[in-house]
Amino acid sequence: MSDMDHCPDKEDFSDVHYLTENNVCTILSFCEEQGDYSALIRVIGRIFSTAETLMKSFRKDEPNPTDDLDSLTPTDVDKHKKQSEPPLEKVGASSAAAFPDESPREMFDPCEVTVDVDAVRRVYDRLLTIDQVETALVNALIYLTPNMELDLDYLDVYENNPDYLNIFIIVLENSNLHSPEYLEVALPQFCKAMSKLPVTALARLSKLWSTYGLPHIRRMMETFQQLITFTVVSNEYDGENLVNDDETVVAATQCLKVAFYASILGGDVDVEHNEEDDDDSESDELSLHELLGEERLYKKGPRTDPLEKELGVRSIDCIRPLITHEDFINESVNDVVEMDKDFTFFKVNAETKFSFQSCPFILSVITKNQGLYYDNRIRMYSERRLTALYSMVQGQQPNPYLKLKVRRDHIIDDALVRLEMISMENPSDLKKQLFVEFEGEQGVDEGGVSKEFFLLVLEEIFNIDIGMFTYDNDTKVFWFNSSSLENEAQYTLIGIVLGLAIYNNCILDVHFPMVVYRKLLGKKGTYLDLSDSHPPLYQSLKGLLEYTDNVEEDMSLTFQISHTDLFGNPLLYDLKEEGDQIPVTKENRQEFVDLYAEYILNESVERQFRAFKKGFLMVTNESPLKYLFRPEEVELLICGSRKLDFEALEKTTEYDGGYSKDSEIIKYFWETIHSFAEEQKRLFLQFTTGTDRAPVGGLGKLKMIIAKNGSDTDRLPTSHTCFNALLLPEYTSKEKLKERLLKAITYAKGFGML
């Protein structure tokens, strides 16, 4: 054994070639006796500043190259070192680590490392109480990291020796990395080196961290977040100096990704229960986009993150992470990132430029929505250009919009026929900007008419008398009716409508349980999803799983279940072949619960949901939606926020026509609005904007306008929902304002001339 070459006599400890817990404690005791830590500082500085020596430190089993050094004479030591180490001039400053004694191709457990992590932590606990040692660690790290970066850039150091990862494991156990001493130089340089690790090494590190538990992963996350925030607030960014070009921010974000996936792996994960992909196989024929050299902007299908692929787990697979997704969002980055530029990097220059959309966990839903907006608008403009090009070639009148002309009394039939025709003849037309016209009405669609079209379609299609969906009065959510008599085209229509709403930046009054959005993004429903889609059933099945007495005798259940059809008639279904003959027992109750959930959430509604998803994907299949957003964020995009902050709306509202925030009528108006009940506030929002939900980011993002519409009169207030504009006469009293406003918001509908 050679922990410290058996406690050398020399005070400088120059014969210590690597660190162990024992030799650190010995040196520390010596220094405490002498009252001088200079020997310890020299050893720490020497070992921590060289990749080879640090890699060999704190091994569970001592490294082979130095096992017998203490039994050799000084001459023999030199010979041994010459035989075991390659010439440094050939391999770089710190690359002796790249030439291990044993083949790196031997199989190893990704979570199995040769570092004694517990020993490293105990050593740090003692060392970090000494100020001089802290300084030595900082300086050593500054010296170490540039050499590591060069080795990782130009030499296959990790591929040749996976133990190279030991360096990162040891350094990252330092609980003071987030302190100011490291933030200026040492930690930024270290993150740059870490970001150069191959994806296999980063995956191994992520898996390792996932076994360490919540406090460790949270410390890692907070360390990288602090570096990102410190760097962003210390610099100024603009159109010429983008945060995307800041090497420290980029590297720390890529390191944060390792902690993000460790949080997912350490929590509850379901990598099974995936919906089948309905993507069409790619054609061998060149598309017009490819002929025009624009294929990078319009490439099909969601991206796959390399680290995600290596780990075999996706963000959508996460049921419950160790750290909430919201904690990984960095507000400082969201404040300075320019999404138009970032979108270009994401879609076009991904190989040469960093895009924060490649690390979507760091972005808020508001910021990601901006990226989606650019993606949607560019596709709309592209379809418009292609239409003009086709029209020139074919000599036809160009049709740059997705035009829907519908009758208010036959809105479903008209929309269904038109959209079904488009989806069969030219599905790409669905990616044009939507333009709706109500027959016999004079409204020009600048957003408001489309909003009302969506609302009317949903109002009719979710009517429980039609029977397409069932409604739960307790949970206030809709679910697919498994015994619906409607054909699949109706479900495809509602899927198209949801896709069009996202594509055209409209929010809808839709009440689906979260499992619908999980299924749209590729996951099947499971037992846990029943908690918000079918709460009574969930509680019953949970009770079954937790029952401690005799399940078979006390509950008398079999693998045959019953449910009711559209007309209330009971239907029997066998979860397994001859299910009525198979009793539910303590041993098979989990299987019963899983099969029950599989039937309710997947099998029984497969026909309806497949058609619904098909319609949704007709509009969104080429969108980065699936890559950027989690299910709860997709719900927010489609439905908007249920939280209505009218204080925020008041602060951002603009005034026109002679009104200002200090006008007496405006003061009356806001006092009246704030006095409204929740339902009246929603009616007002519906009247003014065309929907009763707040957009992504809240009502403060709405940009409402209140304009003067004449002096005192008996006329009602009116609105232009296209522009979120309220036309308000200057009523003489607060009481009259309230009476006129309530009447307007209660009876408003249609787009006739006023």
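For the structure, check the block above.
Visitor: Can you help me understand the overall build of the protein chain in this one?
Guide: A count of helical and extended segments in the protein chain gives 34 helices and 12 strands. For the protein chain, the proportion of its 754 residues judged to be buried stands at 50%. A sequence separation of at least 24 residues applies to 74% of the contacts in the protein chain between residues at least 6 apart.

Visitor: What should I look at first to understand a nonpolar patch on the surface in this one?
Guide: On the surface, Leu-389, Met-392 and Val-393 cluster together into a nonpolar patch covering about 340 Å² of accessible area. Positionally, Val-393 belongs in helix α19 (residues 365-394). Among the residues examined, Val-393 registers a relative accessible area of 69% and is labelled exposed.

Visitor: Got a minute to help me understand the pairing of strand β7 (residues 560-564) in this structure?
Guide: Look at any regular strand and the pattern is simple: side chains alternate between the two faces of the sheet. Covered by surrounding structure in β7 are Ile-561 and His-563 only, the residues Gln-560, Ser-562 and Thr-564 on the alternate face being uncovered. Pairing of β7 with strand β8 (residues 570-574), which is carried by five bridges, proceeds in the antiparallel orientation. Bridge pairing in β8 links Thr-564 to Pro-570.

Visitor: Teacher, can you tell me more about the nonpolar core here?
Guide: Across soluble globular proteins, you tend to see nonpolar side chains buried next to one another. Of all hydrophobic cores here, the largest spans 97 residues; its most connected members are Tyr-164, Phe-168, Met-194 and Trp-209. Of the residues forming this core, the biggest block, 12 residues, is contributed by helix α14 (residues 247-266). Setting aside residues up to four positions removed in sequence, Met-194 forms contacts with Phe-168, Leu-172, Leu-202, Leu-205, Trp-209, Phe-224, Cys-255 and Val-258. Grouped together as the second largest cluster of nonpolar side chains are 86 residues, Leu-372, Phe-469, Leu-575 and Phe-592 included.

Visitor: Honestly, helix α12 (residues 199-210) in this entry has me stumped. Any pointers?
Guide: A turn of α-helix holds 3.6 residues, and therefore any two residues three or four places apart point the same way. A rise of 1.5 Å per residue sets the reference length of α12, with its 12 residues, at 16 Å; its end C-alpha atoms lie 16 Å apart and thus fit the reference within 8%. Of the residues making up α12, those classed as buried are Ala-201, Leu-202, Ala-203, Arg-204, Leu-205, Ser-206, Leu-208, Trp-209 and Ser-210. The inward-facing, buried residues of α12 contact α8 (157-160), α9 (165-172), α11 (186-195), α13 (214-233), α14 and α16 (306-311).

Visitor: Honestly, the packing of helix α2 (residues 38-48) against helix α7 (residues 131-154) in this entry has me stumped. Any pointers?
Guide: Helix-helix packing is described using two parameters, namely the angle between the two axes and the distance between the axes. Taken N-terminus to C-terminus, the directions of α2 and α7 make an angle of 25°; their axes are 8 Å apart at the nearest point. In terms of their interaxial angle, α2 and α7 are classed as roughly parallel. Along this stretch, α2 crosses α7, giving a crossing that reads as right-handed. Facing Leu-40, Ile-41, Ile-44, Gly-45 and Phe-48 of α2, the residues of α7 in contact are Gln-132, Val-133, Ala-136, Leu-137, Ala-140 and Leu-144.

Visitor: Is there a simple way to think about the environment of Asn-23 in this case?
Guide: By the secondary structure assignment, Asn-23 is in helix α1 (residues 21-34). Classification of Asn-23 as buried rests on a relative accessible area of 0%. Spatially, the C-alpha atoms of Asn-23 and Phe-13 are 9.9 Å apart, while their sequence positions differ by 10 residues.

Visitor: I would appreciate a short explanation of the pattern of salt bridges in the present structure.
Guide: When the charged atoms of two side chains with opposite charge come close together, those side chains can pair. Enumeration over the complete set of coordinates arrives at 36 salt bridges. The closest approach of N and O atoms between Lys-56 and Glu-52, which form a salt bridge, is 3.0 Å. This pair shows no difference in class: Lys-56 is buried, exactly as Glu-52 is. Glu-112 is the salt-bridge partner of Lys-60, the closest N and O atoms lying 3.2 Å from each other. Highlighted residues: Lys-60 in the loop between α3 (51-55) and α4 (74-84) and Glu-112 in the loop between α5 (88-91) and α6 (117-127), separated in sequence by 52 residues. Each of Glu-326, Lys-368, Arg-630, Glu-632 and Glu-633 takes part in salt bridges that share partners, so that together they form one network.

Visitor: Can you help me understand the packing of aromatic side chains in this one?
Guide: We describe a pair of aromatic rings using the distance from one ring centre to the other and the angle between the two ring planes. Enumeration over the complete set of coordinates arrives at 33 aromatic pairs. Seen in terms of ring centroids, Phe-260 and Phe-328 are 5.2 Å apart; in terms of plane orientation they differ by 85°. Their pairing is edge-to-face. One end of the pair, Phe-260, is in helix α14; the other, Phe-328, is in the loop between β2 (318-320) and α17 (331-336), and 68 residues separate them in sequence. Taking the relative accessible area as the measure of exposure, Phe-328 reaches 1% and is therefore buried. Relative to Phe-480, the ring of Trp-479 has its centre 5.6 Å away and its plane inclined at 80°; by these criteria the two rings are edge-to-face. There is no split in this pair, since Trp-479 and Phe-480 are both buried. Lying over the aromatic face of Phe-435, Lys-403 brings its terminal NZ or CZ to 5.7 Å of the ring centre. Lying over the aromatic face of Phe-609, Lys-519 brings its terminal NZ or CZ to 4.5 Å of the ring centre.

The rules behind each value
Residues numbered from 1 in each chain as written. Predicted model: local features only at pLDDT ≥ 70, side-chain atom pairs only at ≥ 80, totals over all residues. Heavy atoms only, no water. Helix = DSSP H or I, 4+ residues; strand = E, 2+ residues; numbered from the N terminus. Buried < 20%, exposed > 50% of the residue type's maximum accessible area, 1.4 Å probe, protein only. Contact = heavy atoms within 4.5 Å. Patch = residues over 30% accessible without salt bridge, like charges linked within 9 Å, V, L, I, M, F, W, Y side chains within 5 Å. Areas by Shrake-Rupley, 256 points an atom, 1.4 Å probe, with all protein chains shown as cover. Salt bridge = Lys/Arg side-chain N within 4 Å of Asp/Glu carboxyl O. Pairing = 2+ DSSP bridges. Core = buried A, V, L, I, M, F, W, Y, C linked by side-chain atoms within 4.5 Å. Expected span 1.5 Å × (residues − 1). Axes fitted to C-alpha atoms, helices over the stretch in contact; angles between N-to-C directions. Parallel < 35°, antiparallel > 145°, perpendicular 65-115°, else oblique. Left-handed = near helix turned anticlockwise from the far one by under 90°. Phe/Tyr/Trp six-rings, centres within 6.5 Å; stacked < 30°, edge-to-face > 60°. Lys NZ or Arg CZ within 6 Å of the ring centre and 35° of its normal.

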